[in-house]
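# Working through the structure, step by step
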Amino acid sequence: MTELMNAVILTGFGGPEKLVYTQVPKPTPKPREVLIKVGACSVNNADINTRTGWYGAEDNFQSILQDKNKNNKPIGWQQVNIKFPRIQGNGVAGQIVEVGDQVNEKLIQQRVIVNGCILGENLEDCQYLGSELDGGFAEYTIVHTTNVYPINSPLSDIELASFPSSYATAENMLTKGRVSEADTVLIMGASGGVGSALIQLSKIRGATVIAVVGSGKENFAQELGADYVYLKNEVLADNLVKHQITVVLDVVGGDYFNLMINNLTVRGRYICAGAISSPLVNLNLRDLIYKELEMVGATRYDSTLFERLVRYIEQGLLKPVVAKVFPLPQIKEAQIFFQAKKFFGKIIITP
């Protein structure tokens, strides 16, 4: 008989009701693949965006759920259709328990974290764990051997699971923004998983950090090393003009976009990896042209970036920021809690 495992499957686009806790066949690793017993897996914006069809919305993604805009196409981040059912979950930490052909058996029982960005022969072939491939919201998951990284750390699986997705995204933003000790960086949305990672990784590079957070989250940002912490309120603009901001690191978008652009110095760099407020903004091209701004989107990254992240973890340079832990059967509650954005750090799922 086929061995089964517990998992949460996403059955289609929609609300939390599309997440079903059930049993599915336990996967078997193919050549150059490993089977990982999941210790923990983080919740990320990509999980919500995929479930709601946000990537395919032409204007307000809520119209997809309300079925009011027939022109919207609920698709994935690569603008192609997602195949259902799908096991989501990108930030995986766990232990290798089985290997396929052409994989060194010495990896069995090795503790690992997973690089969820699986690159093909070119950038267009990029796939993400939990999006194009089944991920970590299950007892076990399959990963190509090139994307697993043995980890030597006293941190728990729950703590380790806070790193792979958000910190890789953050390090990718910093890499594309060429951030160094010469920079003053503005982090908009500094209290989330990516934002809290950006604070720490920016300080490793020696940059001066301005963190913008919601009320009640100021102390957390300061503890992670932010040099200046401001609230998202009516005096934010007055506070930002005090600084010579050379790099904006943005995962928010929406109404704050022009504020960020206006406060960038000449030849400043705007790096964006998310738009949790809104993906639609108004850009005055005169700002882009006459300030000679550089604007970069950050999604795909290569293995060298993840290797650097693993070294930081093993050297104890990064602090895991875990806001709350949910067991796998409570995935709906976890995503609802995640969407409320009233926490600082990462939400983690345990099988």
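### Some words on the packing of aromatic side chains
A complete count under the given rule lists 9 aromatic pairs for this structure. Taking 5.1 Å as the distance between ring centres and 25° as the angle between the ring planes, the aromatic pair formed by Phe220 and Phe344 counts as stacked. A residue pair is termed long-range when its members are at least 10 positions apart, and Phe220 in helix α6 (residues 218-223) and Phe344 in the loop between α11 (331-340) and β17 (346-350) qualify at 124 residues. Three or more aromatic residues joined by ring pairs form one cluster here, namely Phe326, Phe337, Phe338 and Phe343. Taking NZ or CZ as reference, Lys26 lies 4.3 Å from the ring centre of Tyr140, over its face. The ring of Phe337 carries the charged tip of Lys324 above its face, separated from the ring centre by 4.8 Å.

### Overview of unusual backbone geometry
Cis geometry marks the peptide bond from Phe84 to Pro85, where omega comes out at -5°. By the secondary structure assignment, Pro85 is in the loop between α2 (62-66) and β4 (91-99). In this model, Gln102 sits at a positive phi of 70°, which is unusual for a non-glycine residue. With respect to the helices and strands, the residue Gln102 is situated in the loop between β4 and β5 (111-114). For Gln102, a relative accessible area of 63% puts it in the exposed group. Although it is not a glycine, Glu292 sits at a positive phi angle of roughly 50°. With respect to the helices and strands, Glu292 occurs in the loop between α9 (285-290) and β15 (294-297). Classification of Glu292 as partly exposed rests on a relative accessible area of 43%.

### Topic: the sheet that holds β15
Ordered in space as β12-β11-β10-β13-β14-β15, the 6 strands form an open sheet in which the pairing is parallel. Each edge of the open sheet carries a strand with a single partner, namely β12 (228-231) and β15. Geometrically, the sheet is characterised by an average inter-axis angle of 15° between neighbouring strands, direction not taken into account. When strand β10 (residues 184-188) meets strand β11 (residues 208-213), the two strands line up parallel, connected through 5 bridges. Across the sheet, the residue bridging to Met188 is Val212, located in β11.

### Some details on the environment of Ser131
For Ser131, the position within the fold is in the loop between β7 (127-128) and β8 (140-144). Separated by 81 residues in sequence, Ser131 and Thr50 have C-alpha atoms that sit 7.4 Å apart. A polar side-chain atom of Ser131 sits 3.1 Å from a polar atom in the side chain of Glu132.

### Thoughts on the packing of helix α1 (residues 45-52) against α11
Look at α1 against α11: their axes get within 10 Å of each other, and the N-to-C directions meet at 105°. Our classification of the angle between α1 and α11 gives roughly perpendicular. In this structure, α1 uses Asn45, Asp47, Ile48 and Arg51 to contact α11, whose residues at the interface are Gln335, Phe338 and Gln339. Residues that form the contact of α1 with α11 fall into these classes: 2 nonpolar, 3 polar and 2 charged.

### Concerning the nonpolar core
Among the nonpolar cores identified, the biggest contains 67 residues, and Ile113, Ile199, Leu249 and Ile313 are the most heavily contacted of them. When residues in this core are grouped by element, the largest group, 6 residues, is from helix α10 (residues 303-314). Those residues in contact with Leu249 that sit more than four places away from it in its chain are Met173, Leu174, Val185, Leu186, Ile187, Met188, Leu198, Ser202 and Ile271. With 38 residues, the next largest nonpolar core counts Val43, Val143, Leu328 and Ile347 among its residues.

### Describing a nonpolar patch on the surface
On the surface, Leu283, Leu285, Ile289, Tyr290 and Met295 cluster together to form a nonpolar patch covering roughly 500 Å² of accessible area. At 3 residues, α9 tops the list of elements feeding residues into the nonpolar patch. Turning to its location among the elements, Met295 is positioned in strand β15. On the basis of relative accessibility, which here comes to 33%, the residue Met295 falls in the partly exposed class.

### Things to note about the layout of surface pockets
Using a probe with the size of a water molecule, rolled over the atoms, empty space left in the structure can be pinpointed. A volume near 340 Å³ is recorded for the second largest pocket. As for the second largest pocket, its lining consists of 19 residues, of which Glu33, Leu133, Asp134, Ile142 and Val143 are closest to the centre. In terms of residue count, the dominant contributor to the lining of the second largest pocket is β8 (5 residues). Residue composition of the lining of the second largest pocket, by class: 12 nonpolar, 5 polar and 2 charged.

### Brief notes about the state of the cysteines
Should the sulfur atoms of two cysteines be covalently bonded, the bond is a disulfide. Throughout the structure, instances matching the rule amount to 0 disulfides. Cys117 supplies the cysteine sulfur nearest to Cys41, a cysteine that is in no disulfide, at a spacing of 15 Å. Residue class for Cys41 comes out buried when judged on its relative accessible area of 1%. Of all cysteine sulfurs, the one in Cys117 lies closest to Cys126, which takes part in no disulfide; the gap is 3.5 Å.

### Considering the pattern of salt bridges
The full count for this structure, using the stated rule, is 9 salt bridges. Its salt-bridge partner being Glu3, residue Lys26 comes within 3.6 Å of it at the nearest N-O pair. Linking Lys26 in the loop between β2 (19-25) and β3 (33-42) with Glu3 in the segment before β1 (4-10), this pair joins segments that are 23 residues apart in sequence. Accessibility expressed as a relative area gives 19% for Lys26, which makes it buried. With its nearest N and O atoms 2.9 Å apart, the salt bridge here joins Lys203 to Asp227. On the criterion of sequence distance, the pair formed by Lys203 in helix α5 (residues 193-204) and Asp227 in the loop between α6 and β12 is long-range, its members being 24 residues apart. Look at Lys203 and you get partly exposed, because its relative accessible area is 29%.

About the thresholds
- Residues numbered from 1 in each chain as written.
- Predicted model: local features only at pLDDT ≥ 70, side-chain atom pairs only at ≥ 80, totals over all residues.
- Heavy atoms only, no water.
- Phe/Tyr/Trp six-rings, centres within 6.5 Å; stacked < 30°, edge-to-face > 60°.
- Helix = DSSP H or I, 4+ residues; strand = E, 2+ residues; numbered from the N terminus.
- Lys NZ or Arg CZ within 6 Å of the ring centre and 35° of its normal.
- Buried < 20%, exposed > 50% of the residue type's maximum accessible area, 1.4 Å probe, protein only.
- Pairing = 2+ DSSP bridges.
- Axes fitted to C-alpha atoms, helices over the stretch in contact; angles between N-to-C directions.
- Polar contact = N/O pair within 3.5 Å; in protein donor to acceptor, adjacent residues only side chain to side chain.
- Parallel < 35°, antiparallel > 145°, perpendicular 65-115°, else oblique.
- Contact = heavy atoms within 4.5 Å.
- Nonpolar A, V, L, I, M, F, W, Y, C, P; charged D, E, K, R; others polar.
- Core = buried A, V, L, I, M, F, W, Y, C linked by side-chain atoms within 4.5 Å.
- Patch = residues over 30% accessible without salt bridge, like charges linked within 9 Å, V, L, I, M, F, W, Y side chains within 5 Å.
- Areas by Shrake-Rupley, 256 points an atom, 1.4 Å probe, with all protein chains shown as cover.
- Salt bridge = Lys/Arg side-chain N within 4 Å of Asp/Glu carboxyl O.
- 1 Å grid on protein atoms, 1.4 Å probe; cavity = no way out; pocket = protein on both sides within 12 Å on 5 of 7 lines; lining within 4 Å.
- Points joined across faces, edges and corners; volume = space filled by probe spheres on them.
- Disulfide = S-S within 2.5 Å.

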